[in-house]
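Chain residues, written in single-letter form:
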Amino acid sequence: TLHFGKNKLTLLPNPLGLPFGSKLQNFFFGENQISGGVAEGYFANVTDLRHIQLHRNKLSSWPNNTGLPSTSLLRYLYLYENEFITLPNNTLAHFSKLDVFHVSKNKLTYFPCDFWQLPENNVLRHVDLTHNLIENICECFLANKSHLQILYMHYNKITKLPNNTCLPETNVLKRLSLYYN
């Protein structure tokens with residue numbers, strides 16, 4: 001575990017400086033003053049990472065390629081309370097084990113449709129996109145989300161719902177929150 005939360009750090013260590021095959025499981029740099037973005041391939045040498053916590057910083061960009069392997073064990077990705085305006089397409093494409101994605105209280109105005117394209121065997125259960133500036137929801141945004149139980153999208157700027165959400169027949173969705181839009 002690397003735990004550098006609740007400090008006044010303004011930059012992430014770059015490079016991360018871990019040897020290939022590092023068994024690091026938890027990366028906690030939340031509640032700092034880190035600005036800018038996470039570099040391309042930043043987590044390249046980390047094979048067992050399960051938890052990334054970068055909440056309550058000043059981050060504005062996320063890499064197209066985190067460097068995590070396609071067999072990533074990442075379960076929790078916390079990016080809430082930063083300054084993201086958008087996220088790259090396929091942000092979660094390699095995270096078949098991801099359980100929770102929390103990116104509330106940012107400045108997201110657009111959420112790429114490709115973002116919702118997860119691996120077939122994904123286990124994504126909880127997504128929080130609240131308190132952003134998102135205006136549109138993509139068609140079929142719930143396709144391939146048979147494990148999704150909670151989707152929070154309240155406090156955005158959504159004015160129109162898609163004609164088709166493509167909710168799987170075998171869904172377990174318990175809560176879809178779109179109030180205060």
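Residues numbered from 1 in each chain as written. Predicted model: local features only at pLDDT ≥ 70, side-chain atom pairs only at ≥ 80, totals over all residues. Heavy atoms only, no water.

## Here's the deal with the overall build of the chain
Test applied: Starting at the N terminus, helices and strands are each numbered in turn, a helix being any DSSP run of H or I of at least four residues and a strand any DSSP run of E of at least two. Restricting the calculation to C-alpha atoms gives the radius of gyration, and the globule rule supplies 2.2 Å times the number of residues raised to the power 0.38. In this description, contact between two residues means that some pair of their heavy atoms is separated by no more than 4.5 Å. For every accessible area listed, the method is Shrake-Rupley and the probe measures 1.4 Å; residues are considered covered only by the protein chains on display. Counting rule for charge: Lys and Arg are taken as positive, Asp and Glu as negative, and neither His nor the chain ends is counted. We put the charge of a Lys on NZ, of an Arg on CZ, of an Asp on CG and of a Glu on CD.
The helix and strand inventory of the chain stands at zero helices and ten strands. For 181 residues, the compact-globule estimate of 2.2 N^0.38 gives 16 Å, and the chain sits close to it at 16 Å. Expressed along its principal axes, the backbone C-alpha trace of the chain runs to roughly 45 × 30 × 25 Å. The contacts in the chain between residues at least 6 apart in sequence include a share of 67% that link residues at least 24 apart. Accessible area for the chain stands at about 9100 Å²; split by element, carbon and sulfur atoms hold 49% of it. A distance of 8 Å separates the average location of the 16 positive side-chain charges in the chain from that of its 12 negative side-chain charges.

## Some words on the sheet that holds strand β4 (residues 51–53)
Note the following rule: Being paired, for any two strands, means DSSP has found at least two bridges between them.
Strands sit in the order β1-β2-β4-β6-β7-β8-β9-β10 across an open sheet of eight strands; the sheet is parallel. The outermost strands of the open sheet, each flanked by one partner alone, are β1 (2–3) and β10 (175–177).

## A closer look at the nonpolar core
Stated precisely, the cut-off is as follows: Joining through side-chain atoms within 4.5 Å is the link that ties buried Ala, Val, Leu, Ile, Met, Phe, Trp, Tyr and Cys residues into a set, and such a set is a nonpolar core. Only protein chains enter the accessibility calculation, which uses a 1.4 Å probe. A residue is then buried if its area is under 20% of the maximum for its type, exposed if over 50%, and partly exposed in between.
Phe 27, Phe 43, Ile 52, Leu 54, Trp 62, Leu 77 and Phe 101 are the most contacted members of the largest nonpolar core, which has 41 residues in total. Those residues within four positions of Leu 54 in sequence are excluded, and the remaining contacts are Leu 12, Phe 27, Phe 29, Gly 30, Val 38, Leu 59, Trp 62, Tyr 78, Leu 79 and Asn 82.

## Concerning the environment of Lys 8
As for its position among the elements, Lys 8 is in the loop between β1 and β2 (26–28). Owing to a relative accessible area of 69%, Lys 8 belongs among the exposed residues under this scheme. Separated by 24 residues in the primary sequence, Lys 8 and Asn 32 place their C-alpha atoms 4.9 Å from one another. When neighbours within four sequence positions are excluded, Lys 8 is seen to be in contact with Asn 32 and Gln 33.

## Description of the pattern of salt bridges
Spelled out, the test is: Within this document, salt bridges are pairs made up of a side-chain nitrogen of Lys or Arg and a carboxyl oxygen of Asp or Glu, the two lying within 4 Å of each other.
Within the structure shown, the criterion is met by five salt bridges. We note a salt bridge from Arg 56 to Glu 31, for which the minimum N-O separation is 3.3 Å. On the criterion of sequence distance, the pair formed by Arg 56 in the loop between β4 and β5 (58–61) and Glu 31 in the loop between β2 and β3 (35–37) is long-range, its members being 25 residues apart. Owing to a relative accessible area of 26%, Glu 31 belongs among the partly exposed residues under this scheme. Shared partners join several salt bridges into a network, and the residues in it are Glu 31, Arg 56 and Glu 81.

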